[in-house]
Amino acid sequence: MSQPLLTLHVADKRFQSRRIIDGVSFDIQPGEIISLLGPSGCGKSTLLRVIAGLDTDYRGTVRVKGAAPHLHSPDVGFIFQEPRLLPWLTVADNVGFDAGPGGGRNPRVKELLAEVGLADFADAYPKQLSGGMAQRAAIARGLFAQPSLLLLDEPFSAVDAFTRMRLQDLLLSLAARHGTTLLLVTHDIDEAAYLSDRILVMSANPGRIAGELRVDPQRPRDRADPRLVRVQTQALALLHGERLDYLDLSDELAARPHAAAPVDFASLSFAV
Amino acid sequence: MSKVSTLDAALAPADGLGGGQFGGRVVAGRILAQFRGWVVPVVLVAAWEVVVRFGWVSAHLLPPPSELVATLIELAGSGDLFSHVVVSSARVLAGFAIGAMLALLIGAAVGLSRALEAYLDPTFQALRAIPSLAWVPLLLLWLGIDEAPKITLIAIGAFFPVYLNLVAGIKNVDRKLVEVGGIFGLKGWRLIVRIFLPASLPNLLTGLRSGLSLAWMFLVAAELIAATRGLGYLLTDGRETARADLVIVAIVVLALLGKLSDSLLQLAERRLLVWRDVYDSGR
């Protein structure tokens, strides 16, 4: 594989005296979509903040395109859990915030707004948007600087289920079109399985990687695909602290990547 | 499905009609509400006129409204009123501008820096407790009887509301929005200008409005004591020449100017804060 876009090794991260993260390492290749899946308190959001340069108080080495993380890196975009649009700016000015005051007039803003389906709302204020629309505007803002790596911190957890599915599809199409690598923090197993190439399942107290799941790269995916269901089952097992040895399906998936595997009820039963 | 659409069709016109009637009633209600506000003043003014005309109260102490209008016309016609208004407005404008500007700079610094807050805020809190008139003798001693002490006094009056509201506004800025600024690499004055100031703008405008009304108050304090022009001087002049009509006209003009300048700021507030998602924004 090519040079990784991100190499991360966080040996130790403490919050006051409590250890949040204990030895988490992973790489991300350009173009991958990775989910960090775990219970609350496992330090998954902290890892995102470290990569974004928002948190510098840790032991370890993190490299984005070979450079240490820092705020306002042109390589890294960040989408928060809430849209966090600046209420005093129009939607266009929010999207073009990075270009300075009056950034809404930047021609890229218009393109991005069209891509997220908000072309008619360029001059609206955030208060006029629904939750899903606001998060679409936030995604457009995250993509404005054309980052190679987009970090998303539980980006769809505050919207209803239907909106969430549409936003997930929108995110996938944007990532494909812009060639953006995605690192997504989520506690939604369905979401992780549907979006990701790889799922890094984390356990808490202290945060560690409990296991890694590969998902068949085929897209577009069917949400009801039995292979996704199996990945979800495996993820659930990992979250419950079970060992993965006898469950690892990655070889099986690699052997027949496009065949729809029948649901293996034997392997499902343990999770019920 | 068809049942639902039939129901919709049946409801729609009725709803529309109801809405129209309701809307008409609301408009009529608003006009009535505005009219209601005039009832008490009009009755009071009429009663005032009657009471003085019948000689129940001395016209010397309480000139009737008709005489006040005559005085106003006379003052306006001679150009005296205009020059008093210009002099007073200029003082308020200068004092308010200086006080608000200083409050903006110091308030922003104190709001953003814990160290500066620890050094400066207790002092300003103490200075704030000094009654406005207590400054007057000191300012006269230090600065003479020209414009300087008047403008300084007005600036002191305008300073504190702006300062206090701005500091409170900055302290209440949502940490999450500041973090957005951080993600985009904003630091120092860029962070202040692009995040802190717009986010605390609602508080700042509240402060500016109360600062302006205090500026008018302090103007009268300044002009009552040492002035040869201005509306405060008109008040003193009216008292010394025993002309209650002059005093009342000056009071009314001060009230009008205060209201007018506040309305201008209120207009600016509405235009600057259209983005705000608050309860009364839809009215």
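Above: the structure in question.
The rules we used
- Residues numbered from 1 in each chain as written.
- Chains lettered and ligands numbered in written order.
- Predicted model: local features only at pLDDT ≥ 70, side-chain atom pairs only at ≥ 80, totals over all residues.
- Heavy atoms only, no water.
- Pairing = 2+ DSSP bridges.
- Helix = DSSP H or I, 4+ residues; strand = E, 2+ residues; numbered from the N terminus.
- Axes fitted to C-alpha atoms, helices over the stretch in contact; angles between N-to-C directions.
- Contact = heavy atoms within 4.5 Å.
- Core = buried A, V, L, I, M, F, W, Y, C linked by side-chain atoms within 4.5 Å.
- Buried < 20%, exposed > 50% of the residue type's maximum accessible area, 1.4 Å probe, protein only.
- Buried area = accessible area lost by both parts, 1.4 Å probe.
- Salt bridge = Lys/Arg side-chain N within 4 Å of Asp/Glu carboxyl O.
- Polar contact = N/O pair within 3.5 Å; in protein donor to acceptor, adjacent residues only side chain to side chain.

Enquirer: Let's hear about the sheet that holds strand β3 (residues 33–37) of chain A: which residues, and what values?
Expert: Residues and elements named next belong to chain A. If you trace the six strands from one edge of the open sheet to the other, you get β5-β6-β7-β3-β8-β9, paired in mixed fashion. Single-partner strands in this sheet number two, and they are β5 (76–79) and β9 (208–214). Pairwise comparison of adjacent strand axes, ignoring direction, gives a mean angle of 20° for this sheet. The sheet contact formed by β3 and strand β7 (residues 181–186) spans five bridges and is parallel. Across the sheet, Ser 35 pairs through a bridge with Leu 184, a residue of β7. Contacts between helix α1 (residues 44–52) and the sheet are confined to β3, β5, β6 (149–153), β7 and β8 (198–203), with β6 contributing the most and set at about 145° to the helix. Its contacts with the sheet put helix α7 (residues 226–239) on β3, β8 and β9, and the angle it makes with β9 is roughly 170°.

Enquirer: Residue-level account of the environment of Leu 254 of chain B, with values.
Expert: Residue and element names in this part refer to chain B. If you trace the backbone, Leu 254 turns up in helix α11 (residues 244–272). Each C-alpha atom, one on Leu 254 and one on Val 220, is 8.9 Å from the other, the two residues being 34 residues apart in sequence. Aside from chain neighbours lying at most four places away, what touches Leu 254 is Trp 216, Leu 219, Val 220, Leu 231 and Leu 235.

Enquirer: An account of the nonpolar core is needed here, citing residue identities and associated values.
Expert: In terms of nonpolar packing, the biggest core is built from 91 residues, with Leu 6, Leu 8, Phe 26, Leu 47, Ile 51, Leu 151 and Leu 183 of chain A touching the most fellow members. Considering every element that reaches this core, the biggest residue donor is helix α9 (residues 201–225) of chain B, with 12 residues. Here Leu 47 of chain A is in contact with Leu 8, Val 10, Ile 21, Val 24, Phe 26, Leu 36 and Met 202 of chain A, once residues within four sequence places are set aside. If you look at the next biggest cluster of nonpolar residues, it comprises 48 residues, including Leu 37, Val 91, Ala 140 and Leu 143 of chain A.

Enquirer: Give a description of the interface of chain B and chain A that names residues and reports values.
Expert: Between chain B and chain A, the contact holds 18 residues from the first and 20 residues from the second. Both sides together, the interface formed by chain B and chain A hides about 2,000 Å², and carbon and sulfur atoms give 69% of it. Salt-bridge contacts for Glu 82 of chain A lead to Lys 176 of chain B; the nearest nitrogen and oxygen are separated by 3.3 Å. Joining chain B to chain A, the criterion identifies nine residue pairs in polar contact (both at pLDDT 80 or more).

Enquirer: Before we move on, can you summarise the sheet that holds strand β4 (residues 59–64) of chain A with the specific residues and values?
Expert: Each strand in a sheet pairs with another by means of backbone hydrogen bonds, the pair being arranged parallel or else antiparallel. Residue and element names in this part refer to chain A. Strand order in the open sheet formed by three strands is β2-β1-β4, and the pairing between neighbours is antiparallel. Two strands bound the open sheet, and with one partner strand each, they are β2 (18–28) and β4. Sheet twist, expressed as the average angle between the axes of neighbouring strands with direction ignored, equals 15°. In this sheet, β4 lies alongside strand β1 (residues 6–15) in antiparallel orientation, the contact comprising six bridges. Residue Thr 7 lies in a different strand from β4, and its bridge partner there is Arg 63. Each of β1, β2 and β4 touches α1; the most contacted strand, β1, lies at about 120° to it.

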